[in-house]
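Below, each chain spelled out in residue letters.
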Amino acid sequence: MAMGAPWGMAHSVSQGVVNNPERLLLSLFQDEADYEQQLGQNQPTARFYAWIQHDASISPGNSGGPLVSMDGEIVGINTRGNSSGGDMAFAIPAPVAATIVADLIREGTVPRSFFGFGVRSLKRSGFDRGVLVSSVIRESPAALAGLEAGDRIIAIDGEAVTVAEPEQVPPFLRAMTERRIGSPMAVTLSRDGLERKAKLVSTTYPPDLGHDLEVKAWGVTFTELTPNVARSRYLNRDVGLLVTGVLPGKRVATAHPPWLVGDVVHAIDGKPVGSRVDMQALDLDNGGAAPRRVVEIERNGAQLLSVLDAKPVRDEDKKLRELPKAWIGIATQPITATTAALIGGPATGGYRITRVYDGAPAAKAGVQVGDVLTALAGSAVPVSGDIGDEPLQQRIREALLDEPLQLDLWRAGKLIQLGVAPLAAPAPVSSLKSRTIDWLDLGVRNIGFYDRVARSIAADSKGVIVDNVASGGLAGLAHLATGDVILRVDGEVVPDVDRFEQLTDRKSRRAGTPLSFLVLRGSRTRLLYLDAEWEMGR
Amino acid sequence: MKSIFRGMVVALAAWLLVPCADASESDDETRAVFAHLLKTHADSIVRVSFVIVSAYGGQEQRQESSVTGVIVDAAGLVLVPKLVVDPSFPGMSRMSADQKMSFKLESRDFRVYFAGQDQPFEAEALTTDADQGIAWLRITAANAKLLKPVDLKQRAGADPGTAYYVLERLEERYGNAPIVSWGVIQGSVSVPQQAHVGTGAAGLAFNAEGEVLGYVSVDFDESDSAATTTRQNPRMLLTSAARLASATQRAKSLLDSE
């Protein structure tokens, strides 16, 4: 039985049978030596054990949950399945997990010995005893002891060893790592038909992968280099920060030259950086002004200098404005001559007023829904079809601001004329002031005229509109959604994005307190919380 | 027979000579127009370079490009096609919300090159007018002596059949030399907007006397899904000089509101 929380649904149990108690995830087209190689890239699991393959259904959310026998004993820890869910599942064997748990409780880490050689089984090798050395890492204890790829280890500490099948490789490697760090290991080898002796002294097993980190203000993610990662990428040095993601338009993407995924950062303004701690010390994500930076990066073996431009205090999204145009605040539908004849409209057709916006110039001039507009400034406005009033709106936009514009309107069978003083059109949504709150992974903007119309928001109500919520970010965890109108933050009214930025300023908030948002979603208000635990987890 | 033959030769010579005389006159006239336009307006014509940044799925690409711009105000306003500051491509408006989220297309790093100056001046996008297909840049720190704007009040109306001329400034590798192109007004339309339809060069259009006729822009119909495949030549619309002048005044007013 697989117990866990598939797709977040806690206390779920599914049932199946074990399909293979020692599964290696190796395809028919892979050499077994490739298995360990691929583990060393970005998947450092299952090097020291074979999976329990079973068909109890597991989905995202089951990972870390127990695989339990019908007697109630934990036999494994579910770890892998299909990303879309399903009944092909893989669990870490319970004895392996138990050892790791005990190590973590006792020492806070899992001590492992490192010898620096890989092995493969004797399968299809023609040999019937020993284990084949498949690789030797440069400058490792194995290399220092003279081991070479192709050697066959036939005894360790005087005891014969044989690894006949691939499934026996992980337990063999685990036994190697469980030896005391720093202890010697006597190895008997067969090379070119001759037996040789070698003595290996283990070191501490190096980490496969370093810590990940993100500098949001720069738009970049890194992972710390480890000897393993450096080796797999043929890098010159094994200390530095490997660039794993670059956000378009942000500082590193617009640097000179721009950074690329795969670059390795070695120093910033002359200070060496190689770890998360080094970067945190530079306080690059403080939200303040940022000076120009000179960064040393390694790319394809070349040592480059890249200059990051200075950044003003506020990284305000600069909007491209559309020229202010005349606007009188009406919506219309075109009426062809044929339709006009049916509804008693003007013989030439025209544009029927379908909406007059409150407070707009047209409303002040007395324009009413149902009027049919036939001419602007004494000039007829042609109707080109049943759909779209662009010719009319275009003509209105061409009018001069603040200069009276004469409208010829057909109302109740009579032609009337009204003078309207156009105003500048309300700002389009795309040009409204906006802010990106990096630590929340949230974008907000001011409320505009068209937002108020679309959402029936009163002209005097205050708030900001959620423009975007990054998947997996803290705003998403607070259940904020694109289109929400944030009315209050922690009970304080939010008149605009500037105030919102102040209210959500991370530095001025008391640690450990939840952040609340009163939002308008559709016709309902909702109170949403960002749990303090989520924030602290970052 | 001889006289008949002689008569035919004379007639043929006359037939050949008359057009030659007309062509020569026409050439002279064209040369005079070009010289006049270059003398009158070349100092207002600049080269504008910019960088188009496109990004999709985290991969960013940059491409440097340049166009002709026209100084239209002593405050440093430069008239350019709207696509220069607000790049797009046919069908972009039909992208899904998800596609738009992961797609970025923008222009940046505007630089204005004046004739005879070895260093460009930085500029920024001020505003656009989608109806006329134009945009205005503002030179952020220009030498006032270099700013010799076209006077948009010196303008004239256009009718179908009117020839128009457009001044361009070539790319740096051609020494930023000014040249003249031309076109002709083919007709007029009132929908979707009031404009003339032209064929030939795009840009700020002058008549032979050097008066401004309006701005000729290329009209891409974003709603036409087949525009890029079936219609080889997008329409060119000339909006009037009066509209252009009015819009430029409004663009300039934005400087005061900043």
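Residues numbered from 1 in each chain as written. Chains lettered and ligands numbered in written order. Predicted model: local features only at pLDDT ≥ 70, side-chain atom pairs only at ≥ 80, totals over all residues. Heavy atoms only, no water.

1. What to know about the overall build of chain A
Argument step 1. When its secondary structure is counted, chain A shows 13 helices and 38 strands.
Argument step 2. The buried share of chain A, reckoned over its 538 residues, is 42%.
Argument step 3. The long-range share in chain A, meaning contacts at least 24 apart out of those at least 6 apart in sequence, stands at 55%.
Argument step 4. Accessible surface, chain A as shown: approximately 27,500 Å² in total, 53% of it carbon and sulfur. (Helix = DSSP H or I, 4+ residues; strand = E, 2+ residues; numbered from the N terminus. Buried < 20%, exposed > 50% of the residue type's maximum accessible area, 1.4 Å probe, protein only. Contact = heavy atoms within 4.5 Å. Areas by Shrake-Rupley, 256 points an atom, 1.4 Å probe, with all protein chains shown as cover.)

2. Let's talk about the interface of chain A and chain B
Argument step 1. Listed as interface residues are 26 residues of chain A and, on the opposing side, 31 residues of chain B.
Argument step 2. Both faces combined, the contact of chain A with chain B buries some 2,200 Å², and carbon together with sulfur accounts for 51% of it.
Argument step 3. Inspection of the region where chain A meets chain B yields 4 salt bridges.
Argument step 4. Of the charged contacts in the structure, one is a salt bridge between A:Lys325 and B:Asp131, with a shortest N-O distance of 3.0 Å.
Argument step 5. Seen at the junction of chain A and chain B, the total is 11 residue pairs in polar contact (both at pLDDT 80 or more).
Argument step 6. Here the side of chain A that touches chain B is composed, by residue class, of 13 nonpolar, 5 polar and 8 charged.
Argument step 7. With 2 bridges connecting them, strand E23 (residues 321-322) of chain A and strand E5 (residues 121-129) of chain B associate as parallel partners. Paired with A:Arg321 across the strands is B:Thr127, a residue of E5(B). (Buried area = accessible area lost by both parts, 1.4 Å probe. Salt bridge = Lys/Arg side-chain N within 4 Å of Asp/Glu carboxyl O. Polar contact = N/O pair within 3.5 Å; in protein donor to acceptor, adjacent residues only side chain to side chain. Nonpolar A, V, L, I, M, F, W, Y, C, P; charged D, E, K, R; others polar. Pairing = 2+ DSSP bridges.)

3. As for the nonpolar core
Residues and elements named next belong to chain B.
Argument step 1. Counting residues in hydrophobic clusters, the biggest one holds 28 residues, and the most contacted among them are Leu79, Trp136 and Leu204.
Argument step 2. Of all elements in the fold, only helix H1 (2-41), strand E2 (59-73), strand E3 (77-81), strand E6 (134-139), strand E7 (163-169), strand E10 (203-206), strand E11 (212-219) and helix H4 (241-257) reach the threshold of two or more residues within this core.
Argument step 3. If one sorts the elements of this core by residue count, H4 sits on top with 7 residues. (Core = buried A, V, L, I, M, F, W, Y, C linked by side-chain atoms within 4.5 Å.)

4. Considering the packing of aromatic side chains
Residues and elements named next belong to chain A.
Argument step 1. What the rule picks out here adds up to 16 aromatic pairs over all chains.
Argument step 2. Between Tyr49 and Trp51, the ring centres sit 5.4 Å apart and the planes meet at 90 degrees, which makes this aromatic pair edge-to-face. As far as burial versus exposure is concerned, Tyr49 and Trp51 are alike and both buried.
Argument step 3. Geometrically, the ring pair formed by Trp51 and Phe90 is edge-to-face, given 6.3 Å between the ring centres and 65 degrees between the ring planes. One end of the pair, Trp51, is in strand E4 (residues 51-54); the other, Phe90, is in strand E7 (residues 89-93), with 39 residues separating them in the sequence. The residues Trp51 and Phe90 share a single accessibility class, namely buried. (Phe/Tyr/Trp six-rings, centres within 6.5 Å; stacked < 30°, edge-to-face > 60°.)

5. Some thoughts on unusual backbone geometry
All names here are of chain A.
Argument step 1. Across the junction of His256 and Pro257, the peptide omega takes the value 0 degrees, indicating a cis bond.
Argument step 2. You can see Pro257 is positioned in the loop between strand E18 (241-246) and strand E19 (264-268).
Argument step 3. Phi at Ala412 takes a positive value of approximately 50 degrees, unusual for a residue other than glycine.
Argument step 4. Mapping Ala412 onto the fold places it in the loop between strand E29 (405-411) and strand E30 (414-420).

6. Structural notes on the pairing of strand E32 (residues 434-437) of chain A
Residues and elements named next belong to chain A.
Argument step 1. Where E32 and strand E33 (residues 442-446) come together, 4 bridges link them in antiparallel fashion. Opposite Ile437, over in E33, you have Leu442 as the bridge partner.
Argument step 2. Here E32 folds back onto E33, and the loop between the two strands holds 4 residues, one of which, Asp441, carries a positive phi near 55 degrees.

7. As for the environment of A:Val381
Argument step 1. Assignment of secondary structure puts A:Val381 in the loop between strand E28 (379-380) and helix H9 (390-398).
Argument step 2. The spatial distance from the C-alpha of A:Val381 to the C-alpha of A:Leu392 is 6.3 Å, given a sequence separation of 11 residues.

8. Overview of the sheet that holds E7(B)
All names here are of chain B.
Argument step 1. Judged by pairing direction, the barrel is antiparallel, and its 6 strands sit side by side in the order E7-E8-E9-E12-E11-E10 before closing back on the first. Each neighbouring strand pair of the sheet contributes to a mean axis angle of 40 degrees, computed without reference to strand direction.
Argument step 2. Of the pairings in the sheet, the one linking strand E8 (residues 178-189) to strand E9 (residues 195-200) comprises 6 bridges and is antiparallel in character. By the bridge assignment, Val189 is partnered in E9 with Ala195. (Axes fitted to C-alpha atoms, helices over the stretch in contact; angles between N-to-C directions.)

9. Considering the pattern of salt bridges
Oppositely charged side chains may form a pair once their charged atoms are brought near each other.
Argument step 1. Scanning the entire structure with this criterion turns up 32 salt bridges over all chains.
Argument step 2. For A:Glu107, the salt bridge goes to A:Arg106, with nearest N and O atoms at 3.7 Å.
Argument step 3. For A:Glu195, the salt bridge is made with A:Arg129, and the minimal N-O distance between the two is 3.9 Å. Highlighted residues: A:Glu195 in strand E14 (residues 194-201) and A:Arg129 in the loop between strand E9 (117-120) and strand E10 (131-136), separated in sequence by 66 residues.
Argument step 4. Its relative accessible area of 43% is what places A:Arg129 among the partly exposed residues.
Argument step 5. Salt bridges here are not isolated pairs; linked through shared partners, they connect A:Glu322, A:Lys325, A:Glu390, A:Arg397, B:Asp129 and B:Asp131.

10. Quick look at helix H2 (residues 94-107) of chain A
Residue and element names in this part refer to chain A.
Argument step 1. With 14 residues, H2 should cover 20 Å at 1.5 Å per step; its first-to-last C-alpha distance of 20 Å lies within 8% of that length.
Argument step 2. Within H2, burial applies to Ala94, Val96, Ala97 and Asp103.
Argument step 3. In this structure, the buried side of H2 is in contact with strand E6 (74-80), E7 and helix H4 (169-177).
Argument step 4. Following H2 by one or two positions, Gly108 has its phi on the positive side, about 75 degrees. (Expected span 1.5 Å × (residues − 1).)

Geometric descriptors of this kind do not, in isolation, establish any biological role.
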